[in-house]
Amino acid sequence: MSETRSDEELLQQADDLIRQLELVSVTFDRAAGEIRNRSALDVPSGQDVPTHVTLMLAHRFDAEGLTFKHDAKVTIGGSDEDADDAAAIVEASIVVQFKAESPLVPDHERALALGQTHSHRVMYPYLRELVQSMLARLGVSGATLGLIKAVG
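Criteria and cut-off values
Residues numbered from 1 in each chain as written. Predicted model: local features only at pLDDT ≥ 70, side-chain atom pairs only at ≥ 80, totals over all residues. Heavy atoms only, no water. Pairing = 2+ DSSP bridges. Helix = DSSP H or I, 4+ residues; strand = E, 2+ residues; numbered from the N terminus. Axes fitted to C-alpha atoms, helices over the stretch in contact; angles between N-to-C directions. Phe/Tyr/Trp six-rings, centres within 6.5 Å; stacked < 30°, edge-to-face > 60°. Buried < 20%, exposed > 50% of the residue type's maximum accessible area, 1.4 Å probe, protein only. Expected span 1.5 Å × (residues − 1). Bend = angle between axes of the 7 residues up to and from the residue. Polar contact = N/O pair within 3.5 Å; in protein donor to acceptor, adjacent residues only side chain to side chain.

Participant: Would you mind going over the sheet that holds strand β1 (residues 21-35) with me for this structure?
Facilitator: In sheet architecture, strand pairing relies on hydrogen bonds along the backbone and comes in two forms, parallel and antiparallel. Reading across the sheet, the four strands line up as β1-β4-β3-β2 and stay open at both edges, with antiparallel pairing between neighbours. The two strands at the open ends of the sheet, each matched to only one other strand, are β1 and β2 (51-61). If you compare each strand with its neighbour and ignore which way they point, the axes differ by 15° on average. Sheet analysis places β2 next to strand β3 (residues 65-76), joined by 11 bridges and oriented antiparallel. Within β3, the position partnered with Leu57 by the bridge is His70.

This is the structure in structure tokens:
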């Protein structure tokens with residue numbers, strides 16, 4: 001059984017791992033938007049439209065490097081607990097690929113730490129722009145995803 005690593009150790013190992021990698025691509029694997037309930041956007045003027053972001057992260061080691069897949073679900077309007085009362089939902093899969101200078105030794109805990117820090121930071125501006133674009137096309141205004149907060 002492996003030892004449990006502290007968050008600080010994982011962040012340090014993620015930083016060590018990122019130094020061995022080069023970002024080579026960010027691609028959308030899937031993107032979809034849906035209007036659910038326009039009345040959920042009826043908020044008093046000057047108030048923010050509530051948004052809730054759910055992210056699922058998967059990773060894969062291969063001969064070339066390390067690939068992350070971020071599955072995102074952004075719920076606009078309504079409550080965080082119940083997506084059924086949302087005004088709109090935007091879903092996307094964003095793939096972030098890093099190339100390794102030399103073969104990597106698979107370490108899934110370290111890769112997960114890297115995905116939650118560096119890969120999330122790479123992916124998030126693309127997700128934010130996709131949500132804004134999708135909502136504009138659906139005719140939903142006033143909802144904006146905030147900026148990403150630094151981890152660690």
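Participant: What is the right way to look at the packing of aromatic side chains in this model?
Facilitator: Note on aromatic pairs: each is described by the distance of the centres and the angle between the planes. Overall, the coordinates contain one aromatic pair when judged by the stated rule. Taking 6.1 Å as the distance between ring centres and 85° as the angle between the ring planes, the aromatic pair formed by Phe68 and Phe98 counts as edge-to-face. Of the two residues, Phe68 sits in strand β3 while Phe98 sits in strand β4 (residues 88-100), which places them 30 residues apart along the sequence. In terms of burial, Phe68 and Phe98 fall into one category: buried.

Participant: I keep staring at helix α2 (residues 108-138) and nothing clicks. Help me out?
Facilitator: Because an α-helix completes one turn every 3.6 residues, residues spaced three or four positions apart along the sequence face the same direction. A rise of 1.5 Å per residue sets the reference length of α2, with its 31 residues, at 45 Å; its end C-alpha atoms lie only 39 Å apart and thus fall more than 12% short of the reference. When the local axis directions of α2 are compared, the greatest deviation, roughly 50°, occurs at His120. The N-terminus of α2 is capped by Asp107, whose side-chain oxygen sits 3.3 Å from the backbone nitrogen of Glu109. Trailing α2 by a residue or two, Gly139 shows a phi angle of about 85°, which is positive.

These results come straight from atomic positions and should not be treated as a statement about function.
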